[in-house]
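Given next are the chains, with one letter for each unit.
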Amino acid sequence: MPPADPDARASWILLLRAHGLGARAESAQATLRDALSKHVREALAEAGVRPVEYRLWPRDTGLGILVTPQVRPARLLRDFARSLDDCLRGHNETFRETHQLALCLGLHLGMVSPARDYVASRAVDDLTRLMEATSTGPVSRPSGLLVVLSHDFHDLVTRAECPGVRPGDYVCLDVPAGPEGRPVRSWVAVFTDGRLGHPPWAPAAPSGEPDDAGSQTRSSEPPTEPAGQPVPGISGPLIHSDFLLGDGGQGTVYGVVREVSGLSGPLAYKEYRDGVLHDAEVLQDMVRFIGDLARYEPIDHAFLESRLAWPLRLGHRGGRASGFVMRQVPADYTMRLATLGVSKQQTLEFLLNSDRYLRRIGLSADNGQRLLLLKDLAGILGTLHDHGITVGDLSPKNILFRLDVWPRCFLIDCDSMRFKGRDALPQMETPGWEVPEPRKATPESDAYKLGLVALRLFNRSQEDTDAGPLRSVSAELADLATRSQSGEPGRRPTPRAWQPALQRAIEGGKSDSSWIDVDPV
């Protein structure tokens, strides 16, 4: 251990270990080290970390990074790690087996004594031992980026509910990495197909302990198919485990494998986990509402039906409501990430990133398209409010978008909306998107979050709320967004109040259509 240095200062410490690097030929090692340094610099730039805010130094097993404590840790754990995983997958698709990379990223906070040619610190040594003692599972081929957090880093960052950082993505491991082999804790997650989650080889969290904000530990047993007649008028199984579309804290979503009378188009079925559904009567009223809307207000029905994954038919198990049928997310709202080789739902959080990042994943959205998306979202919220419905947990994770001929939004998790003052599920809020007042899921809370969407959409950021970028597009919109963040809910502009200003901003730009006179001359 190097002697203490009076010039030691606090730093974020990031260590990258490349699996099997020392066993490669010297020429391959040199190529991989150059590639690793290039990918790290690109990922730091994507995370908004400037060169003056970090220092790289070579290590036998990979690379070390010191980052000034002024940099927000969420940028490192959320943006840097994700961008690095994207770079890693692109690298491994391009290079032959001898030049592929499997990486482990460790993060810690500690005192560091930087010298000219090396970095000396007990904290660096502690993180090194922690990474070496933490199991990486079987590594027979390059896989997703493995992330290891020290216990201090985990408590400081993930427990603080930094926006975009989900504590439930990490599993706790006791490892003999302390002095004299005493066990210490590490927190581990792995990127799989671009998504962060528990490593498949890690032990499951104890039953009943939370593994995500507001959710319970997911069962390791696959959900069974509903028995009997889960939906009126349907005989035989409605779903099959081979048609799994999604798996979350509330339940599991399957593609519907049989026709459902009165419903058309690709359908999905959400099967709740035990104890999740708070009030089945509210869910049944939501089903009735959409049917009544089709009969009495067909214009509103046509609009909402194309923008919502709304409950359409209730399902039952053992005589109790256990799920519902809804539309599948239309293909227009999905994207294929060339860097990952996978298809993903096109959630609005993609657009809360720099244009450089969007270009790298094959997306492009100019300010005109962003205005059209915001206008469509304001129209959805206004129509819902007209019918006594509030979204509540309005966040980029629940808003999908498309950018073809006419940009549009599509809202998911509609069963969590507040329907005429009642809730089918307990109300929750996404970290970083909370309202300042105690009352949740109100028209005023939706208005607050619409303004937050506008600010971050034009900041191209997951966190920033500076009105400057929006003001450069429209001073009127910037004023609406600023007022929407008022601590007095009654002073916030309604979604309907946004629409004329958005239309004026859209018309002030490039014309988006041409009118042709088809009458005979």
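Structure first, text after, so check above.
Cut-offs used in this document
Residues numbered from 1 in each chain as written. Predicted model: local features only at pLDDT ≥ 70, side-chain atom pairs only at ≥ 80, totals over all residues. Heavy atoms only, no water. Helix = DSSP H or I, 4+ residues; strand = E, 2+ residues; numbered from the N terminus. Buried < 20%, exposed > 50% of the residue type's maximum accessible area, 1.4 Å probe, protein only. Contact = heavy atoms within 4.5 Å. Areas by Shrake-Rupley, 256 points an atom, 1.4 Å probe, with all protein chains shown as cover. Pairing = 2+ DSSP bridges. 1 Å grid on protein atoms, 1.4 Å probe; cavity = no way out; pocket = protein on both sides within 12 Å on 5 of 7 lines; lining within 4 Å. Points joined across faces, edges and corners; volume = space filled by probe spheres on them. Nonpolar A, V, L, I, M, F, W, Y, C, P; charged D, E, K, R; others polar. Expected span 1.5 Å × (residues − 1). Phe/Tyr/Trp six-rings, centres within 6.5 Å; stacked < 30°, edge-to-face > 60°.

A. The arrangement of the overall build of the protein chain in detail. Counting its secondary structure elements, the protein chain contains 12 helices and 21 strands. Considering the protein chain as a whole, with its 521 residues, one finds that 51% of them fall into the buried category. Long-range pairs, those at least 24 residues apart, make up 67% of the contacts in the protein chain between residues at least 6 apart in sequence. As displayed, the protein chain has an accessible area near 24800 Å², and 51% of this comes from carbon and sulfur atoms.

B. Focus on the pairing of strand E1 (residues 9-18). Along E1, eight of the 10 residues are buried, which leaves the element largely enclosed by surrounding structure. Here E1 pairs with strand E3 (residues 62-67) via six bridges, running antiparallel. Note on E3: the bridge partner recorded for Ile13 is Leu66.

C. Inspection of empty space enclosed by the protein at higher detail. On inspection of all chains with the given rule, the structure shows one cavity of 30 Å³ or more. Considered as a void within the structure, the largest cavity measures approximately 50 Å³ in volume. As for the largest cavity, its lining consists of Val391, Asp393, Leu394, Asn398, Ile399, Leu411, Ile412, Asp413, Ser416 and Met417. Looking at the lining of the largest cavity residue by residue, the class counts come to six nonpolar, two polar and two charged.

D. Up close: the side chain of His39. When you line up the elements, His39 lands in helix H1 (residues 26-46). Residues contacting His39, with those up to four places away along its chain left out, are Leu84, Cys87 and His91.

E. Structural context of the sheet that holds strand E21 (residues 422-423). Taken in spatial order, the three strands make up an open sheet running E17-E20-E21, and their pairing is antiparallel. Two strands close off the open sheet at either side, each with one partner strand: strand E17 (389-390) and E21. Taken together, the two bridges between E17 and strand E20 (residues 418-419) define a ladder with antiparallel strand orientation. In the strand pairing of E20, Thr390 is matched with Arg418.

F. Structural view of the pairing of strand E11 (residues 251-256). Along E11, six of the six residues are buried, which leaves the element largely enclosed by surrounding structure. Bridging between E11 and strand E12 (residues 267-272) involves five bridges; their strand directions are antiparallel. Counterpart to Gly255 in the pairing with E12 is Ala268.

G. Just helix H9 (residues 443-459), in detail. Relative to the 24 Å expected for 17 residues at 1.5 Å per residue, H9 spans 24 Å between its end C-alpha atoms, a close match to the ideal helical length. Burial runs high along H9: 15 of the 17 residues are buried. Of the residues one or two after H9, Arg460 is the one with positive phi, at around 55°.

H. Expanded view of the environment of Gly388. Its place among the elements puts Gly388 in the loop between helix H8 (367-386) and E17. Distance from Gly388 to Arg418, taken between C-alpha atoms, is 8.4 Å for residues 30 residues apart in sequence. With near-sequence residues (within four places) excluded, Gly388 lies in contact with Arg418, Phe419, Lys420 and Gly421.

I. View of the packing of aromatic side chains. For the coordinates displayed, the defined rule picks out five aromatic pairs. Plain terms: the ring middles of Tyr272 and Phe324 are 6.1 Å apart, the flat faces sit at 50° to each other, and that makes the pair tilted. With Tyr272 in strand E12 and Phe324 in strand E14 (residues 320-327), this pair connects stretches of sequence that are 52 residues apart. Summarising the burial analysis for this pair, Tyr272 and Phe324 share the class buried. Each ring, one from Phe289 and one from Phe419, has its centre 5.6 Å from the other, and the planes form 65°; the classification is edge-to-face. Of this pair, Phe289 sits in helix H5 (residues 280-296) while Phe419 sits in strand E20; the two residues are 130 residues apart in sequence, bridging distant segments of the chain. The same class applies to Phe289 as to Phe419, namely buried.

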